Amino acid sequence: MAALVVEAASFRFEALAQTVASLPRYARPLFVRLLPALELTATFKIRKGKLVEQGFDPAVVSGVWLYEEAAGAYRPLDVELHRRLVSGQVKL
């Protein structure tokens, strides 16, 4: 997962999808989360523990997008798609 600090209203997922398409498959971020800011420690390190704890569950966090390789695009991760991912009905 990649966590990006951007203005959600002006961010273009089409441009991100075109950029990651040129990366090797193993290097493409499947999940992208848009954040207003990253939480930092006193020594300016990113606090990743909370992000890891939250995961990609749309019931816990909002603003998570999933890269669909077949379509070559990112789409919002909703509750139904999350359920299908967790149950193994959708393969990554």
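Note: the structure precedes this text.
Residues numbered from 1 in each chain as written. Predicted model: local features only at pLDDT ≥ 70, side-chain atom pairs only at ≥ 80, totals over all residues. Heavy atoms only, no water.

Asker: Account for the overall build of the protein chain, naming residues and giving values.
Answerer: Scanning the protein chain from terminus to terminus reveals 3 helices and 4 strands. Of the regular secondary structure in the protein chain, the N- to C-terminal order runs β-α-β-α-β-β-α. By principal-axis analysis of the C-alpha atoms, the protein chain measures approximately 40 × 30 × 25 Å. For the protein chain, the residues scored as buried account for 24% of the 92 residues in total. (Helix = DSSP H or I, 4+ residues; strand = E, 2+ residues; numbered from the N terminus. Buried < 20%, exposed > 50% of the residue type's maximum accessible area, 1.4 Å probe, protein only.)

Asker: Residue-level account of the sheet that holds strand 2 (residues 31–35), with values.
Answerer: Across the sheet, which stays open at both edges, the 4 strands sit in the order 1-2-3-4 with mixed pairing between neighbours. Sheet topology places strand 1 (2–5) and strand 4 (73–76) at the edges, where each strand pairs with a single neighbour. The mean inter-strand angle of the sheet, taken between neighbouring strand axes irrespective of direction, is 30 degrees. Here strand 3 (residues 64–68) pairs with strand 4 via 4 bridges, running antiparallel. Bridge pairing links Glu68 to Ala73 in strand 4. Packing against the sheet, helix 1 (residues 13–21) makes contact with strand 1, strand 2, strand 3 and strand 4, and its axis sits at approximately 135 degrees to strand 4. (Pairing = 2+ DSSP bridges. Axes fitted to C-alpha atoms, helices over the stretch in contact; angles between N-to-C directions. Contact = heavy atoms within 4.5 Å.)

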